[in-house]
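# Summary of the model geometry
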Protein chains: 2
Amino acid sequence: MTEGTARLRQPSMADVARTAGVSAQTVSRALRGSPNVNPETRRRVLAAVEQVGYRFNSAARALSSGRSHTIGLVLLASGGYYSRSAVTAGVEAAAGEAGYAVSIATIAALDTGLMERSLSKLADQGVDGFVIAVPLISVTRKMEDITRDIPTVTLDGSRTAGARVLGIDQQEAGRVATQHLLDLGHRQVWHISGPDEWIEARQRRQGWQECLAAAGIEAPPPLEGDWSPDSGKRQGQIIAMIPEVTAVFAASDEMAFGVIRALHERGRSVPDDVSIVSVDDIALAAYCSPPLTTVRQDFYRYGQAAVALLLQGDEADVDESVATASLSVRASTAPPRSR
Amino acid sequence: MTEGTARLRQPSMADVARTAGVSAQTVSRALRGSPNVNPETRRRVLAAVEQVGYRFNSAARALSSGRSHTIGLVLLASGGYYSRSAVTAGVEAAAGEAGYAVSIATIAALDTGLMERSLSKLADQGVDGFVIAVPLISVTRKMEDITRDIPTVTLDGSRTAGARVLGIDQQEAGRVATQHLLDLGHRQVWHISGPDEWIEARQRRQGWQECLAAAGIEAPPPLEGDWSPDSGKRQGQIIAMIPEVTAVFAASDEMAFGVIRALHERGRSVPDDVSIVSVDDIALAAYCSPPLTTVRQDFYRYGQAAVALLLQGDEADVDESVATASLSVRASTAPPRSR
DNA sequence: GTTACGCATGGCATCGATAACATAGGCTCC
DNA sequence: GGAGCCTATGTTATCGATGCCATGCGTAAC
């Protein structure tokens, strides 16, 4: 209420210091929780902060300390919006709790040049760490240079210089999904994979192949989608024309939506005629018709865990279950119709 | 290939200046595209930048210029992941193009305190502008203080000091959806609204009420969900028990998924028994069973347009169509079964 | 009764880019 | 031919917090 002084400039630490009757240095220490500050002094400083309406200037801090307290998050525009959204939320929650900001960069397509540019952009912003939620197809020299200097966690099974990797074993996911169908009595399992540039896609496909091989079944040719429901629908139309197909493993929930749509349009019932398993367990998976049986991935936790790894280093206690592929069994799978 | 000098520190403008044989100031001018730089000098500077591997330090720039070239994006964790994801992508694309970074803050729930804290956090980071994709229920003094100093665009129909507002007319959306059902011959339209704290939810409900009133129909009591598919399912179970319901307007696609699931489980067919319209047109809407008729919102464009407004001010040419409610007619609506 | 050490605090240089101001040369115009 | 101006460039101070070192004081140790 004692307003009236025209304030041309945000108050700085010097202003706080003056008001509290200490030096700016002490203000800095008090605010950062240095142990060597008299409790009484700290109290005075905090009061002064309140009084002058001080807000700290992160640019100045970043410049003088060399650390920006910012984490850079790299996302792919085309990679399934649920996972993007959930990873982002997880990263932001964990980062925010630790006093870190999150700066994002979205790349429009899986392209090395775009990737390099995004990393550079974030590096220029001075981020203290990277969370890369994009498959690194080919790691270029430039990308290595950047990620060598800045701690990096990748969420997609690919590795680069010094980067830690997080996420479920995608090959295991492929096995679990396929085995579930075999256990139900299906004699053959078709696969609609993600784009081959994606490491996850390749790994899931491998898991599927291995699982079939272990059962002595020759794998049918895989169909390739691009993660979009539309691509799932297109491949689903092909599936629908092959009467002998009774079980399909789709590499993502969103593609599974498309597959189911195509099958319905062709008059084939899920799961009576064809069973479908996929991967992700997005929020809408349980509300598909029929509800999807799917291998769960907890993207929010991925995001949280990635930040924990970045900030706490290797000794971060990342919950084991983050890396465990578990199946959410719902109604899109059933034993094959006996004939 | 001429490596060998141990580099302890990132090269700075001074290093570039030395290499190019000019002053640091000239380097700064050359890099920022100031008109008063000799083309030949600029060339030399750029060559030197390349040679020493210079990357500019945004903290220093932010400190000395007072502008961070960062836009703060405020999201709500619980508000539908598709819209969040798409808005984020749009904001980031437009910001990136203009050389701006995007820093995000997610609030866990619609709470004034959380909102204040998020805004403060971003303000402390020194963002040059806000894009707020969260309804501002009650605008507190503190929030006003912040948004008075920093340009703000809101994407939810609420207004605060000096903020510009962007988005389709939600009331119109409610009218369009309802009218579509009436036009098909339905005599009554039920509504599953979003949470009452959301301005969009209130506006859509009003549109629905008005439309019914204009047709001389007394509106049934609205059912309230929380945007989640699960809440849609719960309300759908109620709907399913009321035989006379033939048409439902759900306030979001995700709730519509839940409603449809509930109806299917009770053996009621969509659209034969019950027609459903919703709002958003998320990527999966066309892959619902049946495909959803829904009022389209282009969240990506919202994001882009918001940034354009921030950076270019009022004279930004924001495409009119951003604000037009258009209906994507698919298969979840049909004339009522004649009886 | 020194020595030594820990604690609380202050002084000063520093981070890297930019704003504001200064300067030098070349050109136009009366 | 000098006043005035525009262009290209350099000099210096500055932004605000922090790192490093110095200082003074109290207390435990020898």
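Residues numbered from 1 in each chain as written. Chains lettered and ligands numbered in written order. Predicted model: local features only at pLDDT ≥ 70, side-chain atom pairs only at ≥ 80, totals over all residues. Heavy atoms only, no water.

Let us now look at the interface of chain B and chain A. Interfaces are often sized by the accessible area lost when the parts come together. Opposite the 49 residues of chain B that make contact, chain A presents 49 residues. Buried surface at the junction of chain B and chain A, both sides included, amounts to about 3900 Å², of which 57% is carbon and sulfur. When the area that chain B buries against chain A is broken down by residue, the three leading residues are Tyr 81, Leu 284 and Tyr 287 of chain B, summing to 19%. In this assembly, chain B and chain A are joined by 4 salt bridges. In this structure, the salt-bridge partner of Glu 92 of chain A is Lys 121 of chain B, at a minimum N-O distance of 3.1 Å. Summed over the shared surface of chain B and chain A, the number is 26 residue pairs in polar contact (both at pLDDT 80 or more). Mapped onto the side of chain B that touches chain A, the elements with two or more residues apiece are helix H4 (58-65), helix H5 (81-97), strand S2 (101-107), helix H6 (112-124), helix H10 (229-240) and helix H11 (253-265) of chain B. Ranked by residue count, the leading element in the side of chain B that touches chain A is H5 of chain B, at 8 residues. (Contact = heavy atoms within 4.5 Å. Buried area = accessible area lost by both parts, 1.4 Å probe. Salt bridge = Lys/Arg side-chain N within 4 Å of Asp/Glu carboxyl O. Polar contact = N/O pair within 3.5 Å; in protein donor to acceptor, adjacent residues only side chain to side chain. Helix = DSSP H or I, 4+ residues; strand = E, 2+ residues; numbered from the N terminus.)

In this numbering, the UniProt entry assigns the feature "domain: HTH lacI-type" (unreviewed entry) to residues 11-65 of chain A. Along residues 11-65 of chain A one finds 69% helix and 0% strand; the C-alpha atoms at either end are 20 Å apart. (UniProt positions renumbered as here; feature names shortened; annotations may be inferred.)

Note on the identical chains: chain B maps onto chain A by a rotation of 180 degrees and an axial translation of 0.0 Å, with an RMSD of 0.1 Å. Both copies of the chain, as the preceding transformation shows, are related through a two-fold rotation axis. Residue by residue, 98% of the interface of chain B is reproduced at the interface of chain A, so both copies engage with the same surface. (Least-squares fit on C-alpha atoms with pLDDT ≥ 70 in both.)

Let's shift gears to the environment of Ile 132 of chain A. Residue and element names in this part refer to chain A. Along the chain, the position of Ile 132 falls in strand S3 (residues 129-132). Note on Ile 132: relative accessible area 1%, which makes it buried. Sequence separation of Ile 132 and Ala 306 is 174 residues, and the distance between their C-alpha atoms is 9.2 Å. (Buried < 20%, exposed > 50% of the residue type's maximum accessible area, 1.4 Å probe, protein only.)

Moving on, we get to the protein's contact with DNA strand D. Contacts to DNA strand D come from 25 residues, most closely from Met 13, Gln 25, Ser 28 and Tyr 54 of chain A together with Thr 41 of chain B. The sugar and phosphate moieties of DNA strand D supply 64% of its atoms located within 4 Å of the protein. Contact distances for DNA strand D include 2.5 Å between a base oxygen and a side-chain N or O atom of Gln 25 of chain A. Here a phosphate oxygen of DNA strand D and a side-chain polar atom of Ser 28 of chain A are 2.5 Å apart. At the level of secondary structure, the elements contributing two or more residues to the surface near DNA strand D comprise helix H2 (24-31) and helix H4 (58-65) of chain A together with helix H2 (24-32) and H4 of chain B. (Near = heavy atom within 4 Å.)

Bringing the nonpolar core into the picture now. Formed by 168 residues in total, the largest nonpolar core has its most connected members in Phe 130 of chain A together with Phe 130 of chain B. Apart from residues lying up to four places away in sequence, Phe 130 of chain B is in contact with Gly 72, Val 74, Leu 119, Leu 122, Ala 123, Ile 146, Ile 150, Pro 151, Thr 152, Val 153 and Leu 310 of chain B. (Core = buried A, V, L, I, M, F, W, Y, C linked by side-chain atoms within 4.5 Å.)

Residue and element names in this part refer to chain B. Where burial is concerned, the two faces of strand S8 (residues 247-250) agree: the one with Ala 247 and Phe 249 and the one with Val 248 and Ala 250 are both buried. For strand S6 (residues 190-193) and S8, the ladder comprises 3 bridges, and the chain directions are parallel. Paired with His 191 across the two strands is Phe 249, which belongs to S8. Sheet analysis places S8 next to strand S9 (residues 275-280), joined by 3 bridges and oriented parallel. Bridging from a neighbouring strand, Ala 247 pairs with Ser 275 of S9. Traced from S8 through H11 to S9, the parallel crossover comes out right-handed. (Pairing = 2+ DSSP bridges. Right-handed = clockwise from strand over helix to strand, strands pointing away.)

A few words on the protein's contact with DNA strand C. Surveying the vicinity of DNA strand C reveals 25 residues, the closest of which are Thr 26 and Thr 41 of chain A together with Met 13, Tyr 54 and Ser 64 of chain B. Counted by atom, the contact set of DNA strand C within 4 Å of the protein is 66% sugar and phosphate. For DNA strand C, a phosphate oxygen lies 2.6 Å from a polar atom in the side chain of Ser 28 of chain B. Those elements giving two or more residues to the surface near DNA strand C turn out to be H2 and H4 of chain A together with H2 and H4 of chain B. Broken down by element, the residue count for the surface near DNA strand C peaks at 4 residues, all from H4 of chain B. Of the residues belonging to the surface near DNA strand C, the class tally is 9 nonpolar, 12 polar and 4 charged. (Nonpolar A, V, L, I, M, F, W, Y, C, P; charged D, E, K, R; others polar.)

Of the pockets and cavities examined, the second largest pocket occupies roughly 810 Å³. Residue lining of the second largest pocket: 39 residues in total, with Ala 77, Ser 78, Thr 106, Ile 107 and Ala 108 of chain A positioned closest to the centre. When residues of the lining of the second largest pocket are traced back to their parent elements, those giving at least two are helix H5 (81-97), strand S2 (101-107) and helix H6 (112-124) of chain A together with H5 and helix H12 (299-312) of chain B. (1 Å grid on protein atoms, 1.4 Å probe; cavity = no way out; pocket = protein on both sides within 12 Å on 5 of 7 lines; lining within 4 Å. Points joined across faces, edges and corners; volume = space filled by probe spheres on them.)

Our next topic: the sheet that holds S8 of chain B. Residue and element names in this part refer to chain B. Taken in spatial order, the 6 strands make up an open sheet running S7-S6-S8-S9-S10-S11, and their pairing is mixed. A strand with exactly one partner marks an edge of an open sheet, and here the two such strands are strand S7 (223-224) and strand S11 (326-328). Where S6 and S7 come together, 2 bridges link them in parallel fashion. The residue of S7 that forms the bridge with Ile 192 is Leu 223. In this fold helix H9 (residues 199-214) packs onto S6, S8 and S9, with an angle of close to 170 degrees to the strand it touches most, S6. (Axes fitted to C-alpha atoms, helices over the stretch in contact; angles between N-to-C directions.)

Within H4 of chain B, the full set of buried residues consists of Ser 58, Ala 59 and Ala 62 of chain B. All buried residues of H4 of chain B lie within an arc of 105 degrees about the axis, which places them on one face of the element. Looking at the packing, one finds that the buried side of H4 of chain B touches H4 and H6 of chain A. Put simply, Asn 57 of chain B is the residue that caps the front of H4 of chain B, since its side-chain oxygen is 2.9 Å from the backbone nitrogen of Ala 59 of chain B. Once H4 of chain B ends, the next one or two residues include Gly 66 of chain B, with phi positive near 80 degrees. (Arc of directions from axis to C-beta.)

Turning to the packing of aromatic side chains, a few remarks are in order. The tally for this structure, following the rule as stated, stands at 10 aromatic pairs over all chains. Taken together, a centroid distance of 4.6 Å and an interplanar angle of 80 degrees make the contact between Tyr 81 of chain A and Tyr 82 of chain B edge-to-face. Of the two residues, Tyr 81 of chain A is situated in helix H5 and Tyr 82 of chain B in helix H5; the pairing between them involves two chains. For Tyr 81 of chain A, a relative accessible area of 5% puts it in the buried group. Judged by centre distance (5.7 Å) and plane angle (80 degrees), the ring pair of Phe 299 of chain A and Tyr 302 of chain A falls under edge-to-face. Here Phe 299 of chain A and its partner Tyr 302 of chain A are both found in helix H12 (residues 299-312), 3 residues apart, which amounts to about one turn of the helix. Ring pairing ties together the aromatic residues Tyr 81, Tyr 82, Phe 299 and Tyr 302 of chain A together with Tyr 81, Tyr 82, Phe 299 and Tyr 302 of chain B, which thus form one cluster. (Phe/Tyr/Trp six-rings, centres within 6.5 Å; stacked < 30°, edge-to-face > 60°.)

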